[in-house]
Amino acid sequence: MARLSKPQLLSLVTVAINEAGWRFLYLSDAHPFELQIYSDVETYRVRAYIWNITHGGGSQRPANEYRIQITGVEQFVWLDEGKTLILGWSDDFHVFAAWDFNYHDSTLGSSPSLQIHQSTLESAYTDGFAVHEKGNQELAIAFRPAFLVDYIRSLESLHAFGQYQSDLNLLGAVAHDPYAPNDAEIAITDIQRQTTIRSVRQSLRSSNFRARVLSAYDHKCAFCGVQLNLVQAAHILPVSHEAGTDETFNGIASCYLHHAAYDRALITFDETYHIHVNETQIAELMNLNRGGGADQFREALHQIIALPADKALRPHVGYIEIANDLRGWGL
Ligand SMILES: [Zn+2]
């Protein structure tokens, strides 16, 4: 598999940040990279060391061992009041791996490398997230790009699971199937680790939903057809509603503009998938001198939403009806 250059590795990091709905600023594009990443409510300064993950190679190394070979760095330097990431990228499995700074804070020896098992990379590829306890309580973590921001937010708590075997087993079970362990099973006594398990579960559920919906719609907005990586997975019936679920047929791919318009009941679609514009709302906005762009807005819309080829993945009629009622449409 290809070995990526440092700019290519940086690009993988920044794309993952954007795909999670976060933004970033470059503070240093020399390695180690430094970024300010932010959402509407949170921000972190991040220092990222990153290398390609390669097979251990040679007959002296275990056959299932993958590793990063540390080059150009004599010692990892902690970023005060920020997050320090030690990352690898596996182009074989399309996952990141991350090691715990606390176990690698002294001067590195000659030809230093950090290891992770092939099985952990494979599990991260299939499940989205996987952990590997290295025998000394150090936890190496592997995950798909969709989990990178969640990893950055909780990395201290995540790596600390290496010291608590039963909680680590539970984290592994949630990673393997985020729909399996129920609320009672994850109600462990340590509140911080419980919170971390809940957020891993939520993250895996939503990234799973997002991946399924975007794939079903070919990464195109169902309302207007735009791609350009500006497309999100919107819930038809919100998950905050008791009947809302993460099934693909409760989702629709939508660009940012039409997602907001759908959630605000400026547009919708009915049980025959025809799109409707809320002309009452537009007239009210016109009266407030806020109706600019209404004609272009109408013109950009399809007559009927674009639908997945697989009928089982199309929006469920029952969900469409309830959602339209809840959003005040008298269709
Ligand atoms: Zn759109």
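Just so we're clear, the structure is a prediction, and the values are computed from it rather than from any experiment. (Residues numbered from 1 in each chain as written. Predicted model: local features only at pLDDT ≥ 70, side-chain atom pairs only at ≥ 80, totals over all residues.)

### Quick word on the overall build of the protein
Here is the rule we go by: Numbering goes from the N terminus for both helices and strands, where a helix is a DSSP run of H or I of at least four residues and a strand is a run of E of at least two. With C-beta atoms placed from the backbone, a residue counts as buried when 20 or more other C-beta atoms lie within 10 Å of its own, as exposed when 12 or fewer do, and as partly exposed for counts between those limits. Once C-beta atoms have been placed from the backbone, residue pairs whose C-beta atoms lie within 7 Å are recorded as contacts.
In terms of regular secondary structure, the protein is built from 9 helices and 13 strands. Referenced to the eigenvectors of the C-alpha coordinate spread, the extents of the protein come out at roughly 70 × 45 × 35 Å. Within the protein, the fraction of its 331 residues that count as buried is 35%. Long-range contacts, defined here as pairs at least 24 residues apart, represent 60% of the contacts in the protein between residues at least 6 apart.

### With respect to the packing of helix H3 (residues 148-160) against helix H5 (residues 191-216)
Put simply, the rule reads: Lines are fitted to the C-alpha atoms to define the axes, a helix being fitted only along its stretch in contact, and any angle between axes, read from their N-to-C directions, falls within 0 to 180 degrees. Between 65 and 115 degrees an angle is taken as roughly perpendicular, under 35 as roughly parallel, over 145 as roughly antiparallel, and anywhere else as oblique. By convention the crossing between two helices is left-handed if the near helix lies anticlockwise of the far one by an angle smaller than a right angle, and right-handed if it lies clockwise. Each residue is assigned to one of three groups, with Ala, Val, Leu, Ile, Met, Phe, Trp, Tyr, Cys and Pro labelled nonpolar, Asp, Glu, Lys and Arg labelled charged, and all others, Gly among them, labelled polar.
Contact geometry of H3 with H5 gives a least axis separation of 10 Å together with a crossing angle of 150°. Of the possible angle classes, the one that applies to H3 and H5 is roughly antiparallel. Considering only the axes of H3 and H5, their crossing is left-handed. In contact with Asp150, Ser154, Ser157 and Leu158 of H3, H5 contributes Gln192, Arg193, Thr196, Ser199 and Ser203. Tallied by class, the residues present in the contact of H3 with H5 amount to 1 nonpolar, 6 polar and 2 charged.

### Concerning unusual backbone geometry
Look at the link from His31 to Pro32: it is a cis peptide, with omega at 0°. Relative to the helices and strands, Pro32 resides in the loop between strand E1 (23-28) and strand E2 (33-38). Even without a glycine there, the phi angle at Gln137 is positive, about 75°. Assignment of secondary structure puts Gln137 in the loop between strand E8 (129-133) and strand E9 (139-143).

### Here we look at the domain arrangement of the protein
Accessible area lost on assembly of the parts is the figure often given for the size of an interface. Rule in force here: Those domain boundaries reflect an automatic or database domain assignment.
Here the domain parsing of the protein yields domain 1 (6-208) and domain 2 (217-326). A C-alpha centroid distance of 35 Å is found between domain 1 and domain 2.

### Quick word on the pairing of strand E5 (residues 83-90)
Counted only if it meets this: Pairing between two strands requires that DSSP report at least two bridges joining them.
In terms of burial, E5 is largely enclosed, as 7 of its 8 residues are buried. Sheet topology places strand E3 (residues 43-55) next to E5; 7 bridges connect them, and they run parallel. Residue pairing across strands places Ile50 opposite Leu87, the latter belonging to E5. Across 5 bridges, E5 lies against strand E6 (residues 95-99) in antiparallel orientation. Among the inter-strand pairings, Gly88 is bridged to a residue of E6, identified as Ala97.

### Considerations on the pairing of E3
Remember that side chains alternate between the two faces of the sheet whenever the strand is regular. Pairing between E2 and E3: 6 bridges, direction antiparallel. In the sheet register, Ile37 faces E3, and the bridge partner there is Tyr44. Counted between consecutive antiparallel strands, the loop separating E2 from E3 contains 4 residues. Inspection of the sheet shows E3 paired to strand E4 (residues 65-69) by 3 bridges, in the antiparallel sense. Following the sheet pairing, Thr54 is matched in E4 by Arg67.

### A few points about the environment of Gly82
As for its placement among the helices and strands, Gly82 is situated in the loop between E4 and E5. You can call Gly82 partly exposed: it has 15 C-beta atoms within 10 Å. For the pair Gly82 and Glu34, spaced 48 residues apart in sequence, the C-alpha to C-alpha distance is 9.9 Å. Leaving out residues up to four positions away in the same chain, Gly82 has contacts with Tyr44, Arg45, Val46 and Arg47.

### Overview of the environment of Gly56
If you trace the backbone, Gly56 turns up in the loop between E3 and E4. In this structure Gly56 comes out as partly exposed when scored by C-beta crowding, with 17 C-beta atoms within 10 Å. Between the C-alpha atom of Gly56 and that of Tyr217, which follows or precedes it by 161 residues, the distance is 39 Å. Residues contacting Gly56, with those up to four places away along its chain left out, are Arg61, Pro62, Glu65, Tyr66 and Arg67.

### A few points about the nonpolar core
What counts is decided by this rule: By convention the nonpolar core is taken to be a set of buried residues drawn from Ala, Val, Leu, Ile, Met, Phe, Trp, Tyr and Cys and joined through C-beta atoms within 7 Å.
Ranked by internal contacts, the top residues of the largest apolar core, which has 55 residues, are Leu87, Ala97, Ile141, Ala142, Phe143 and Leu148. Ala222, Leu237, Cys255 and Ile267 belong to the second-largest nonpolar core, a separate cluster that totals 22 residues.

### Some points on helix H6 (residues 256-263)
Applicable threshold: Throughout, the arc means the angular range of directions from the helix axis out to the C-beta atoms.
Every buried residue of H6 is listed here: His258, His259, Ala261 and Tyr262. Buried residues in H6, looked at end-on, bunch into an arc of 165°, giving them a common side. Buried residues belonging to H6 abut strand E10 (231-235), strand E11 (251-255) and strand E12 (267-269). Directly beyond the C-terminal end of H6, a positive phi value near 60° is found at Ala265.

### Thoughts on the packing of helix H4 (residues 165-176) against H5
Orientation of H4 relative to H5, taken along the N-to-C sense of each, is 10°, at an axis distance of 9 Å. Looking at the two axes, H4 sits roughly parallel to H5. Between H4 and H5 the crossing geometry is right-handed. Residues Asp167, Leu170, Leu171, Val174 and Ala175 of H4 pack against Arg193, Ile197, Val200, Arg201 and Leu204 of H5.

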